[in-house]
Amino acid sequence: RKEVEQDPGPFNVPEGATVAFNCTYSNSASQSFFWYRQDCRKEPKLLMSVYSSGNEDGRFTAQLNRASQYISLLIRDSKLSDSATYLCVVPSPGTYKYIFGTGTRLKVLA
Amino acid sequence: ETGVTQSPTHLIKTRGQQVTLRCSSQSGHNTVSWYQQALGQGPQFIFQYYREEENGRGNFPPRFSGLQFPNYSSELNVNALELDDSALYLCASSTRTSGTYEQYFGPGTRLTVT
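Computed from a predicted model, the values in this text were never measured in an experiment. (Residues numbered from 1 in each chain as written. Chains lettered and ligands numbered in written order. Predicted model: local features only at pLDDT ≥ 70, side-chain atom pairs only at ≥ 80, totals over all residues. Heavy atoms only, no water.)

1. Digging into the overall build of chain A
From N to C terminus, chain A includes zero helices and eleven strands. Here the C-alpha atoms of chain A give a radius of gyration of 13 Å, agreeing with the 13 Å that 2.2 N^0.38 yields for 110 residues. With the C-alpha coordinates aligned to their principal axes, the bounding extent of chain A is approximately 45 × 30 × 20 Å. Buried residues in chain A amount to 45% of all 110 residues. A fraction of 54% describes how many contacts in chain A between residues 6 or more apart in sequence connect residues 24 or more apart. Working note: accessible area of chain A is about 5,400 Å², and carbon and sulfur atoms make up 47% of it. Taken as two groups, the 13 positive and 10 negative side-chain charges of chain A have centres that lie 4 Å from each other. (Helix = DSSP H or I, 4+ residues; strand = E, 2+ residues; numbered from the N terminus. Rg over C-alpha atoms; globule rule 2.2 N^0.38 Å. Buried < 20%, exposed > 50% of the residue type's maximum accessible area, 1.4 Å probe, protein only. Contact = heavy atoms within 4.5 Å. Areas by Shrake-Rupley, 256 points an atom, 1.4 Å probe, with all protein chains shown as cover. Lys, Arg positive; Asp, Glu negative; His and termini not counted. Charge placed at Lys NZ, Arg CZ, Asp CG, Glu CD.)

2. Some points on the state of the cysteines
Residues and elements named next belong to chain B. This model, assessed by the stated rule, comprises two disulfides over all chains. Note on cysteine connectivity: Cys23 is disulfide-linked to Cys91, with sulfurs 1.9 Å apart. As the torsion about the S-S bond is roughly 70 degrees, the Cys23-Cys91 disulfide counts as right-handed. Within this pair, whereas Cys23 is found in strand 3 (residues 19-24), its partner Cys91 is found in strand 9 (residues 87-94), the two being separated by 68 residues in sequence. The buried category is assigned to Cys23, whose relative accessible area is 2%. For Cys91, a relative accessible area of 0% gives the class buried. (Disulfide = S-S within 2.5 Å.)

3. Brief notes about the pairing of strand 11 (residues 109-113) of chain B
Across a regular strand the side chains alternate sides, sitting on one face of the sheet and then on the other. Residue and element names in this part refer to chain B. Of all the five residues making up strand 11, four are buried; the element is thus mostly covered by neighbouring parts of the structure. As judged from the four bridges shared by strand 2 (residues 10-13) and strand 11, these two strands associate in the parallel manner. Across the sheet, the residue bridging to Leu11 is Leu111, located in strand 11. When strand 9 meets strand 11, the two strands line up antiparallel, connected through three bridges. Residue pairing for strand 11: Tyr89 is matched across the bridge by Thr109. (Pairing = 2+ DSSP bridges.)

4. Let's talk about the pairing of strand 6 (residues 54-57) of chain A
Residue and element names in this part refer to chain A. In terms of strand pairing, strand 6 meets strand 7 (residues 60-65) through four bridges, oriented antiparallel. When the sheet's bridge partners are listed, Glu56 is paired in strand 7 with Thr61. The hairpin turn running from strand 6 into strand 7, its antiparallel successor, is two residues long, and Gly58 in that turn takes a positive phi close to 65 degrees.

5. Brief notes about the side chain of Ser93 of chain B
Residues and elements named next belong to chain B. Note on placement: Ser93 falls in strand 9. Of the polar contacts made by the side chain of Ser93, one reaches the backbone nitrogen of Gln26; its length is 3.1 Å. Excluding residues within four positions of it along the chain, Ser93 makes contact with Val4, Ser25, Gln26, His29, Thr31, Glu102, Gln103 and Tyr104. (Polar contact = N/O pair within 3.5 Å; in protein donor to acceptor, adjacent residues only side chain to side chain.)

6. Observations regarding the sheet that holds strand 6 of chain A
Strands belonging to one sheet form pairs held by backbone hydrogen bonds; the direction of such a pair is parallel or antiparallel. Residues and elements named next belong to chain A. Spatially, the five strands line up as an open sheet ordered 1-3-8-7-6, and their pairing is antiparallel. Single-partner strands in this sheet number two, and they are strand 1 (4-6) and strand 6. If you compare each strand with its neighbour and ignore which way they point, the axes differ by 15 degrees on average. Bridge count for strand 1 against strand 3 (residues 19-25) is three bridges, and the pairing is antiparallel. (Axes fitted to C-alpha atoms, helices over the stretch in contact; angles between N-to-C directions.)

Okay, structure coming up:
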């Protein structure tokens with residue numbers, strides 16, 4: 001089993017739609033989690049940090065389910081500018097090593 | 001903008017050559033991590049430098065090496081380049097607090113090995 005797994009997509013959704021991505025992780029000792037957004041041929045940019053059960057920032061909500069070992073990212077009222085790859089990151093416990101998922105591609109259609 | 005810079009932005013090298021990539025961390029950050037991102041994949045951890053010492057290494061061979069300088073900037077060196085080394089190389093800067101911490105990425109160096 002991979003340490004961090006994501007559905008690669010692509011997810012094609014119309015503007016205004018709500019879309020959710022899941023990310024599963026294998027190490028139950030993991031304590032913190034991140035979602036990064038990466039545009040084509042650009043660097044990853046931090047979108048959200050999750051240290052407890054969840055986090056919300058405007059149209060974006062991240063939720064953590066420790067029992068099932070997954071993190072979700074919900075995007076409400078999708079905009080064309082939300083089109084990107086969303087990377088789930090789980091730092092390796094006890095280290096400062098980031099483990100990335102392969103990313104989920106989102107395309108928001110007009 | 002994160003304040004993390006990398007140079008060069010693009011590089012083309014021949015198999016067997018050596019390459020040095022550079023990274024300047026964000027002001028106030030003392031830790032630099034390096035990642036390799038192949039096309040269509042998530043970034044893979046190469047190693048991390050904290051206070052000028054390597055502090056954790058991923059599954060990369062010894063021909064990948066690095067340095068961190070007193071001003072916290074860093075270099076990634078790759079010897080005996082192979083075709084599979086073609087990738088986007090990202091550095092990320094951070095500062096340690098209790099527990100884990102957030103990393104901020106530079107724009108990357110795109111390396112092509114022919």
